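Below are the chains, spelled out letter by letter.
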Amino acid sequence: VQLQASGGGLVQAGGSLRLSCAASGRTFSSYVMGWFRQAPGKEREFVAAITWTGGSTHYADSVKGRFTIPRDYAKNTVYLQMNSLKPEDTAVYYCAAKYDPFTATAGLYDYWGQGTQVTVSS
């Protein structure tokens, strides 16, 4: 299984970015696809997740109403649409996958992509 994350960059506060996570190597039915982030000096934290088949979504309180996690079956890709970005959203963002059910615990995810840096300037 390979997860390829992309789409990070530098954006001003209030702006938007869309991250992509392209998955390959197996079928992902009954999988949960998640996004996590890690800021310097902090632990990796849950951001958002979606169940691949049912489409149930989960969000950290800090991003509710600002981030969404759509998926594209045909492209085997999960996105993280980030709107109204804040400086505190600055971090390296990682996509991850695990078999159902959903959990926000990073250590329980089996597959990880490389990180992509998101920097939000004030």
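The structure reproduced in this document is the subject of the present report. Since we're looking at a predicted model, the values are computed, not measured.

About the thresholds
- Residues numbered from 1 in each chain as written.
- Predicted model: local features only at pLDDT ≥ 70, side-chain atom pairs only at ≥ 80, totals over all residues.
- Heavy atoms only, no water.
- Helix = DSSP H or I, 4+ residues; strand = E, 2+ residues; numbered from the N terminus.
- Buried < 20%, exposed > 50% of the residue type's maximum accessible area, 1.4 Å probe, protein only.
- Contact = heavy atoms within 4.5 Å.
- Areas by Shrake-Rupley, 256 points an atom, 1.4 Å probe, with all protein chains shown as cover.
- Lys, Arg positive; Asp, Glu negative; His and termini not counted.
- Charge placed at Lys NZ, Arg CZ, Asp CG, Glu CD.
- Salt bridge = Lys/Arg side-chain N within 4 Å of Asp/Glu carboxyl O.

Re the overall build of the protein
What the protein contains, in helices and strands, is zero helices and twelve strands. Along the chain direction, N to C, the helices and strands of the protein fall in the order β-β-β-β-β-β-β-β-β-β-β-β. In terms of its C-alpha atoms, the protein occupies a principal-axis envelope of roughly 40 × 30 × 25 Å. Sorting the 122 residues of the protein into buried and exposed places 41% on the buried side. In the protein, once contacts between residues fewer than 6 apart in sequence are set aside, the share between residues at least 24 apart is 55%. When the accessible surface of the protein is split by element, carbon and sulfur atoms take 48% of a total near 6,000 Å². Within the protein, the 8 negative side-chain charges are centred at a point lying 4 Å from the centre of the 11 positive side-chain charges.

So, the pattern of salt bridges
The full count for this structure, using the stated rule, is four salt bridges. Between lysine 64 and aspartate 61 there is a salt bridge, with the nearest N and O atoms lying 3.2 Å from each other. For the salt bridge of arginine 66 with aspartate 89, the shortest nitrogen-to-oxygen distance reads 2.7 Å. Linking arginine 66 in the loop between strand S6 (57-59) and strand S7 (67-68) with aspartate 89 in the loop between strand S9 (77-82) and strand S10 (91-99), this pair joins segments that are 23 residues apart in sequence. There is no split in this pair, since arginine 66 and aspartate 89 are both buried. Linked by salt bridges that have partners in common, Arg37, Glu45, Arg66 and Asp89 make up one network.

Fair warning: the whole summary comes from geometry, so function is off the table for now.
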